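A closer look at the structure
Chain by chain, the residues run as shown.
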Amino acid sequence: MLRTLTINNIALISFAEIDFSQGLNILTGETGAGKSIIIDSLNFVLGERADRSLIREGEDEAVVEAEFDNINQITQAILKEYEIDFDDGLILSRKMGVDGKNVCRINGIKVTVSALKSIASSLVDIYGQHENAVLLNSDNHIGILDNFIGEKIDDAKDEYLQAYRNFKQVKNKLSEYSKMTDVEIRLEILQKQLDEINEANIVIGEEEELQQRCDMYDNAEEIVRSSSNAYTLLNGDMENNACDNIYSAIKELGRIEEYNANISEYISRLEETRIELADIASSVDSIANGVSVDEYEAQRDIARLHTIHNIEGKYGNTEELVLAYRDKIASEVEELSNYSFMLEKLTNDYQIALDKLEQTGIDLSDVRKTFAKQFENLVVAELKELGMPNTGFAVDIVTYNDIETIANKASSEGIDIIEFLISPNLGEPLKPLKKIISGGEMSRFMLAIKKITAQIDGVNVMVFDEIDTGISGKIAQVVANKLYDISNSKQVLAVTHLPQLASMADSHYLIAKTTDNERTKTNVKLLNQEQSAVEIAKMIDGLEASEFAILHASKLIEIAKEYKAN
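We now turn to the structure provided with this report.

Reading the values: the criteria
Residues numbered from 1 in each chain as written. Predicted model: local features only at pLDDT ≥ 70, side-chain atom pairs only at ≥ 80, totals over all residues. Heavy atoms only, no water. Helix = DSSP H or I, 4+ residues; strand = E, 2+ residues; numbered from the N terminus. Rg over C-alpha atoms; globule rule 2.2 N^0.38 Å. Buried < 20%, exposed > 50% of the residue type's maximum accessible area, 1.4 Å probe, protein only. Contact = heavy atoms within 4.5 Å. Areas by Shrake-Rupley, 256 points an atom, 1.4 Å probe, with all protein chains shown as cover. Pairing = 2+ DSSP bridges. Axes fitted to C-alpha atoms, helices over the stretch in contact; angles between N-to-C directions. Parallel < 35°, antiparallel > 145°, perpendicular 65-115°, else oblique. Left-handed = near helix turned anticlockwise from the far one by under 90°. Nonpolar A, V, L, I, M, F, W, Y, C, P; charged D, E, K, R; others polar. Patch = residues over 30% accessible without salt bridge, like charges linked within 9 Å, V, L, I, M, F, W, Y side chains within 5 Å. Salt bridge = Lys/Arg side-chain N within 4 Å of Asp/Glu carboxyl O. Lys, Arg positive; Asp, Glu negative; His and termini not counted. Charge placed at Lys NZ, Arg CZ, Asp CG, Glu CD. Polar contact = N/O pair within 3.5 Å; in protein donor to acceptor, adjacent residues only side chain to side chain. Core = buried A, V, L, I, M, F, W, Y, C linked by side-chain atoms within 4.5 Å. Expected span 1.5 Å × (residues − 1). Arc of directions from axis to C-beta.

**Re the overall build of the protein chain**
From N to C terminus, the protein chain includes 21 helices and 15 strands. Over its C-alpha atoms the protein chain spans a radius of gyration of 42 Å, topping by over 25% the 24 Å that the globule rule assigns to 566 residues. Here the C-alpha coordinates of the protein chain stretch approximately 130 × 80 × 40 Å along the principal axes. Within the protein chain, the fraction of its 566 residues that count as buried is 42%. Taking as baseline every contact in the protein chain between residues at least 6 positions apart, the subset at least 24 positions apart corresponds to 72%. For the protein chain, the accessible surface area stands at approximately 30,700 Å², while carbon and sulfur atoms represent 47% of it.

Here's what the structure looks like:
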C-alpha cells in the first residue's frame, strides 16, 4: 500500500507530507483548490510524462517521494530483475529541475524514468478521465478481457505467441527470397569476387612481413653503409675505435689502482662495458653482412605486396576485413546456388507455420469465448447495482476464419477482433460503446470493470480521480458502496465531489487553497470525525454548513457506518 506521499514544489504545493491509511482514502475540496495536483504529483513519481510547468513558480526543482509497504509478488519479481532490495519496503523518488532533467531513484538506487514507470505500474492503478478514452478505444477491449481471464489464458497465449513469432520470421524470409531478381547475375558477380579473393590466398600477418622486406630492398645500400660505419666506430679496423679506447682506459686505470679503493670498481664496470660494446659491434656487423638483395626475390615480394594491396582496395582495408567479406559472400553464394531449393523449402515452411498460427489462434479464441459470457454476466450485474438495470452488454468476438486473412491480419494478440457492445435502454439494439454511452454511464461502466478486475490483478493501490462525473442522487450512494467494497481488498484513493462518497471514507483529507505573503499555496489536512462531518455538510449545502446540511451529513455518515458494519 501507499504509506506516505511527500511533495516538494509541485504547482501550488510548497511542501506536503500525506500519510495514507489502508482502506478508503477520500480527498475533497473546492473546485480549483488543488486536488488534481495531488494526482499529478502521484503520476509524476510513478513515472508518467511531466514537463517543467509542474515546478512551483520561482523554484529550481520539484521532488516527489512515495513510500510503499506490503509489496505484491509481481512488483517483487520486477525489483529482482533490477537487483533492487525491498526487504524494508519501497521508496520511489523523482526530481525534475528547471532544465527538464530528471533523477529517479528506487530505494536510493538511480534508475531511468522508464524503469520507474515499469515498476510503478505494478504498484498503482490510476483511473482518471483519460481512461475513458482508453475504454472507448475498441483496440483496448481485448486486453481488458484477457486481464479478466487471467492465468487461465496464459498457456494459450504463450503457444499462440510462439507460433506468431515463428510465422513472422518465416514470412519475412520468404518475402526476401520472393523479391530477389537477377539471381544468376548476382551469383556470377559474387562467385567472381570469391574466386579472386581465394586465389589471392590472403594470410593474416603476411602484408606486414612483406612490407618490411620491401622496405629493406629499397634502402639496402644505406643499411649496409650505416651499419658498416657503426661497426668501424665501435670495434673496426681503425685507430681509436670505442672498444680500443675503453681497453686503453682500463690499462691506464690499472696503473693507479693501488692508490684509490674505487678504481677496481671502475675497471670492472669498464670491462663489462667493453664486452657489451664488442657484442653490439658484432651484431651491427651482421646487419651489413645480412643484407643481400636477390633481384628475383625482390620482384616477387613486391608483386605479392601489390596483389594484397589490390585485394584490400576492393574488399576491405585490412587482411581481416577481406577475409570477413570472403566468408560473408561465400555464405550468400551458397544460398543463391540453392535458390530454387530454398524458395521451395521456405514456401513449405510458410504453410506449416501458417497452419500452426491458425490452430493456436483458434485455441486462444476458444478460451476467450468461454470466459466472455461470464464477463458479460458480471458486468451486467454490476451495472444493475449501479442504477443501469436495463442495460445490455456483450463482448463481440470476431475471429478471422480464412487462411489469407489470418496471414495478413493476425497480430501478437491473436486472430480475434474484440469490441464491447452496450445498450443502455431496454429494447434498443447493442451498439459499440463509443457510439452511445454518456458521461455518467461511462463512469459507472468503468467502475464496474474496475470492481470486477480488482480481485484479479496484483495491484494493491487503486486511485479514482473524480469517478463521480455525471453521477448524483441514489446512484452516488451505490458508487460509494462499490468503492468501499474495492477498498476491502485494495487501498483506494478517491478524489470526489460527492458527499455520499466522502461519508464512506476511512480517512478524509481536505485540500484547501490559501494566500500568504502575496502567494497562493495548496495545503492538505487529515480531518477528524467532526471536521469530516462539517466538510461533508459544506459539500451538500455549498460554502457554508447549515444546520440542515450538518444533519444530512450525519445521516450519510450513519448510512456509511451501517453499510460497513454489514
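**Details of the sheet that holds strand β13 (residues 491–495)**
Here six strands make up an open sheet; going across it, the order is β8-β12-β13-β3-β14-β15 and the pairing mixed. Both edges of this open sheet fall to β8 (124–127) and β15 (519–527), since each of them pairs with a single strand only. Taking each pair of neighbouring strands and ignoring which way they run, the sheet shows an average axis angle of 20°.

**A few points about the packing of helix α12 (residues 295–315) against helix α13 (residues 319–337)**
Taken N-terminus to C-terminus, the directions of α12 and α13 make an angle of 60°; their axes are 9 Å apart at the nearest point. Relative to α13, the element α12 is oriented oblique. Remark: the crossing between α12 and α13 carries left-handed chirality. Across from Ile311, Glu312 and Tyr315 in α12, the residues of α13 making contact are Glu319, Leu321, Val322 and Tyr325. Here the residues of the contact of α12 with α13 sort into five nonpolar, no polar and two charged.

**Structural notes on a negative patch on the surface**
Residues Glu151, Asp154, Asp155, Asp158, Glu159, Asp363 and Asp366 make up a contiguous surface patch of negative charge. Residue assignment for the negative patch shows that the elements contributing at least two residues are α6 (154–179) and α14 (339–385). For the negative patch, the element with the most residues is α6, which contributes four residues. Mapped onto the fold, Asp158 is located in helix α6.

**A closer look at the side chain of His141**
By secondary structure assignment, the location of His141 is in helix α5 (residues 141–149). Residue His141 is classed as buried on the basis of its relative accessible area, which comes to 1%. Looking at His141, its side chain comes within polar contact range of the main-chain nitrogen of Phe420, at 2.9 Å. Look past the residues within four positions of His141 in its chain and what remains in contact with it is Leu135, Leu136, Ile418, Glu419, Phe420 and Leu433.

**Remarks on the nonpolar core**
The biggest cluster of nonpolar side chains holds 78 residues, and the ones touching the most others in it are Phe375, Val395, Phe420, Phe445, Phe464, Leu483 and Leu501. The greatest single-element share of this core, amounting to 13 residues, is contributed by α14. If we skip the residues at most four places from it in the chain, Leu501 touches Leu24, Ile26, Ile467, Ala480, Leu483, Ala494 and Thr496. Ranked by size, the runner-up nonpolar core spans 46 residues in total, among them Ile37, Phe68, Ile119 and Val124.

**Examining α12**
Taking 1.5 Å as the rise per residue, α12 with 21 residues should run 30 Å; its terminal C-alpha atoms sit 31 Å apart, in good agreement. Burial in α12 covers these residues: Ala298, Asp301, Leu305, Ile308, Ile311, Glu312 and Tyr315. Viewed end-on, α12 has its buried residues packed into an arc of 155°, placing them on one side of the element. Exposed residues pointing more than 90 degrees away from the buried face of α12 are listed as Glu295, Tyr296, His306 and Gly313. Directly after α12, the chain includes Gly316, whose backbone phi takes a positive value near 160°.

**Topic: the pattern of salt bridges**
Under the criterion given, the structure shown has 19 salt bridges. Between Lys373 and Glu376 there is a salt bridge whose closest N-O contact spans 3.0 Å. Taken together, the residues Lys373 and Glu376, both in helix α14 and three residues apart, mark about one turn of the helix. The exposure class of Lys373 is partly exposed, given its relative accessible area of 48%. A network of salt bridges, in which partner residues are shared, links Asp146, Lys157, Arg368 and Asp416.

**A word on the pairing of strand β5 (residues 90–97)**
Counting buried residues along β5, six of its eight residues qualify, which places the element largely inside the surrounding structure. As paired strands, strand β4 (residues 61–68) and β5 are joined by eight bridges and run antiparallel to one another. Note on β5: the bridge partner recorded for Glu67 is Ile91. Sheet analysis places β5 next to strand β6 (residues 102–106), joined by five bridges and oriented antiparallel. Within β6, the position partnered with Leu92 by the bridge is Ile106. A loop of four residues connects β5 with β6, the two strands running antiparallel in sequence, and Gly100 in this loop sits at a positive phi of about 85°.

**Re the sheet that holds strand β11 (residues 431–432)**
The strand order across the open sheet formed by three strands is β9-β10-β11, and the pairing between neighbours is antiparallel. Lying at the two open borders of the sheet, with one neighbouring strand each, are β9 (392–399) and β11. Sitting on the sheet, α5 touches β9 and β10 (416–423), and the angle it makes with β10 is about 90°. Each of β9 and β10 touches α14; the most contacted strand, β9, lies at about 170° to it.

Nothing here speaks to function; it is geometry throughout.
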